[in-house]
Amino acid sequence: MSSVSDVAKVIGGTFYNSCGLDFGTSRSMIGYVDRGQKTILLPRAFDDPQNLSGIPSLFQYAADGREYVCSQVLDINGPEDDPEGVCLSVKMRLEEPQITLNGKSFTPAYIACREIQVTKELCHEAILRTIPSEPSYRNIVAGVPVRFGDELRRKYIDILRTAFGSDANIRLLPEPIAAALSYQDSVGLESSRKVLVFDMGAGTFDTVLLMPNRHRTPENPYPYRDMRSDGSYQAGDHFDRKMMDLILRKLQENQTSLDLDMLRDPVCADHLELKSCARRVKEKLSRVESIVCSVQGTDHHYDRRIERVTITRREFENEILEAVDQAVACAWDVLKSAGLHKDPGVHVILVGGSTHIPLIRQRLMQKLPHIPAGHILQHEPELAVVRGCALFALKQQTDPPSACGYAIAAYQKDKKEQGLIVVIPSGASAPYYYSGTFSLRHKGSALAIEFYEVESALEGERLRMDEGVQTETTVTHQFGRTVDTDTKIQLSIDLDTDGTLVVTVDDGIQPEKAYPIRLRSQRTHTRSSI
């Protein structure tokens, strides 16, 4: 049987009540936050027979009515022994209403919750073998895929609350940003860099362009903001199927005595055994040029047999070349759409266990020749998300809260073009006054004034509309008629000590009009400062 291993770094210190979670498609991991030395502890809590980090994301309802979770599925039965009773990759099935295993229906939320609970138990046991402190789970930072919409995010948070307790403080961190935080810590990636995340896990491929977030807010406190993203469902599982096809062809060429129909049948135990074999071979070929794999199956006389075939890395790469090139082209398109496809300053970070395949880095270098080889980074890609989540949890515990200022953006209604931007600095004393003029770029009949919150704002600083967090306060000033291009608009902004902001518009057409905004309705203020 597999057991909890003691491979976490031995270190003293007192734990914060925080941790990071990567609930993966094929395996999961929890990273703990150590307060004493600000260290992230990543226990490899399960000795995976496939020699991979993390705890298998598996759930089984056996024919005898028992439930087995995570490593128990491999320890006691194994997916290949009960294909009708095992749920694989529940993270990809959260939108399904029910999952039926051996005739019994389960909600995906229940299965996901049980897998997370067991992951926590195994990681908890592993970490206790290395340090004297007892970790708790008050604050949880969990990675969330970029493809999860609002409904799935809410469902995921509910699952996490059930798994960790209703009093847990749950925070979701976009997986690409978590990976970038990990690379900042592990290889010194600077937060000012433009980053292309190339994330290829077991079930999905995602590529996301991250830009520095110059104006952080409590709602968006990350050092990066995602600009563009794309992806597909051709990832590690797709590569496993390609490896299975290659092994089957090799067996057929060798005139195997194994029953190939049983190996191809997805509900047959031989098929799942072949799938496990294919995954092991795929992973080993990332380190060696060829391997002899042992394929276990049933012959036409229903006897169990083992046959061996040799698979080379080149043969496997020929099988997956088209899918890899599609993923690389997808990454190139994301860069091109942002006008960065020739920018040598972009850094590419590889995320997910499938990026260990050498072909991926080779094809990225060929497709993106303008990016220096040293800018295509790879460091424990399978741990990038959980490490980043744990680092973010640590940062939330140790960093003082960011001082926030305010920005008022005025632009022509329906044009959404930059007009006048006024930033009230963080910590500015009240009363505060500003007056400025700008010219209309188009004919129009209305002016929109939007209210933003920005982090560490500096007086006179320019910002894009999407760099701050827009509040619910939006004012529309009607000119009363259509005005011409180059019409000058005067705005004055007056903030008093009671937190009332008055925006006054003088359009030269009608008497100036004042629009009061109560800042106390947006954020708590003192009488002396913002």
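Please read these numbers as outputs of a predicted model, since none were measured by experiment. (Residues numbered from 1 in each chain as written. Predicted model: local features only at pLDDT ≥ 70, side-chain atom pairs only at ≥ 80, totals over all residues. Heavy atoms only, no water.)

1. Digging into the pattern of salt bridges
Oppositely charged side chains can form a pair if their charged atoms are brought close together.
Next, step 1: As enumerated under the stated definition, the model contains 16 salt bridges in all.
Next, step 2: Taking the shortest distance from any N to any O, the salt bridge between Glu190 and Arg193 comes out at 3.6 Å.
Next, step 3: The closest approach of N and O atoms between Asp343 and Lys194, which form a salt bridge, is 3.3 Å. Residue Asp343 is found in the loop between helix 8 (313–337) and strand 17 (347–351), and its partner Lys194 is found in the loop between helix 4 (175–187) and strand 12 (195–200); the two are separated by 149 residues along the sequence.
Next, step 4: Residues joined in a network through salt bridges with shared partners are Asp237, Asp240, Arg279 and Lys282. (Salt bridge = Lys/Arg side-chain N within 4 Å of Asp/Glu carboxyl O. Helix = DSSP H or I, 4+ residues; strand = E, 2+ residues; numbered from the N terminus.)

2. Regarding helix 3 (residues 150–164)
Next, step 1: If you check helix 3, its first and last C-alpha atoms are 21 Å apart, about what 15 residues at 1.5 Å a residue would give, namely 21 Å.
Next, step 2: Three or more residues of helix 3 are buried, namely Leu152, Tyr156, Ile159, Leu160, Ala163 and Phe164. What you see down the axis of helix 3 is that its buried residues fit within an arc of 115 degrees, all on one side. Among the exposed residues of helix 3, those oriented more than 90 degrees off its buried face are Asp150, Glu151, Arg154 and Thr162.
Next, step 3: Positive backbone phi, approximately 110 degrees, marks Gly165, located one or two places after helix 3. (Expected span 1.5 Å × (residues − 1). Buried < 20%, exposed > 50% of the residue type's maximum accessible area, 1.4 Å probe, protein only. Arc of directions from axis to C-beta.)

3. A short note on helix 5 (residues 236–253)
Next, step 1: If you check helix 5, its first and last C-alpha atoms are 26 Å apart, about what 18 residues at 1.5 Å a residue would give, namely 26 Å.
Next, step 2: Gly236, Asp237, His238, Phe239, Asp240, Met243, Met244, Leu246, Ile247, Leu248, Lys250 and Leu251 are the residues of helix 5 that are buried.
Next, step 3: Along its buried surface, helix 5 packs onto strand 12, helix 6 (260–264), helix 7 (269–284), strand 15 (290–298), strand 16 (304–312) and helix 8.
Next, step 4: One or two residues past the end of helix 5 sits Gln255, with phi positive at roughly 55 degrees. (Contact = heavy atoms within 4.5 Å.)

4. Description of the sheet that holds strand 12
Next, step 1: Strand order in this open sheet of five strands is 14-13-12-17-18, and the pairing throughout is mixed. Unpaired on one side and paired on the other, strand 14 (224–232) and strand 18 (376–377) mark the two borders of the sheet.
Next, step 2: Note that strand 12 and strand 13 (residues 205–212) share six bridges and pair antiparallel. Looking across to strand 13, one finds that Val197 is bridged to Val208. (Pairing = 2+ DSSP bridges.)

5. As for the packing of aromatic side chains
Next, step 1: With the rule as written, the count across this model stands at seven aromatic pairs.
Next, step 2: A ring pair is formed by Phe59 and Tyr110, whose centres lie 6.1 Å apart and whose planes are at 85 degrees; its orientation type is edge-to-face. Taken together, the positions of Phe59 in strand 5 (residues 58–61) and Tyr110 in helix 2 (residues 108–128) put the pair 51 residues apart, joining distant regions of the chain.
Next, step 3: In this structure Phe59 comes out as buried when scored by relative accessible area, which is 0%.
Next, step 4: A relative accessible area of 33% places Tyr110 in the partly exposed class.
Next, step 5: Through pairs of rings, three or more aromatic residues link up here, namely Phe59, Tyr61, Phe106 and Tyr110.
Next, step 6: Lying over the aromatic face of Trp332, Lys367 brings its terminal NZ or CZ to 5.0 Å of the ring centre. (Phe/Tyr/Trp six-rings, centres within 6.5 Å; stacked < 30°, edge-to-face > 60°. Lys NZ or Arg CZ within 6 Å of the ring centre and 35° of its normal.)

6. Side note on the side chain of Thr207
Next, step 1: Take Thr207: it is sitting in strand 13.
Next, step 2: For Thr207, the side chain forms a polar contact with the main-chain oxygen of Val197, separated by 3.1 Å.
Next, step 3: In contact with Thr207, not counting residues within four places along its chain, are Leu196, Val197, Arg228, Ser229, Asp230, Cys330, Ala331 and Val334. (Polar contact = N/O pair within 3.5 Å; in protein donor to acceptor, adjacent residues only side chain to side chain.)

7. Focus: the confidence of the model for the protein chain
Next, step 1: Per-chain confidence: the protein chain averages 79 in pLDDT, with 77% of residues scoring 70 or above.
Next, step 2: For the stretch residues 520–530, pLDDT sits under 50, and the model shows 32 contacts to residues farther than four places along the chain or on other chains. (pLDDT = per-residue confidence, 0-100.)

8. A closer look at the nonpolar core
Next, step 1: Residues Phe164, Phe198, Ile247, Ile311 and Ile349 are the most contacted members of the largest nonpolar core, which totals 119 residues.
Next, step 2: Among the elements that make up this core, the one with the highest residue count is helix 8 (ten residues).
Next, step 3: Once residues lying within four places of it in the same chain are set aside, the contact partners of Phe198 are Phe205, Asp206, Ala327, Val328, Ala331, Val348, Ile349, Leu350, Val351, Thr355, Ile360 and Leu364.
Next, step 4: Core analysis: the second largest hydrophobic core is formed by 19 residues, Ala410, Tyr432, Phe438 and Tyr515 among them. (Core = buried A, V, L, I, M, F, W, Y, C linked by side-chain atoms within 4.5 Å.)

9. With respect to the environment of His341
Next, step 1: Assignment of secondary structure puts His341 in the loop between helix 8 and strand 17.
Next, step 2: In this structure, the C-alpha to C-alpha distance between His341 and Leu368, residues 27 residues apart in sequence, is 7.6 Å.
Next, step 3: Residues contacting His341, with those up to four places away along its chain left out, are Trp332, Leu335, Lys336 and His370.

10. Considering the sheet that holds strand 6 (residues 67–69)
Next, step 1: Strand order in this open sheet of three strands is 6-5-7, and the pairing throughout is antiparallel. In this open sheet, the two strands that pair with only one neighbour each are strand 6 and strand 7 (86–88). The average undirected angle you get between the axes of adjacent strands in this sheet is 15 degrees.
Next, step 2: Relative to strand 7, strand 5 runs antiparallel, the two being bridged by three bridges. Counterpart to Gln60 in the pairing with strand 7 is Val86. (Axes fitted to C-alpha atoms, helices over the stretch in contact; angles between N-to-C directions.)

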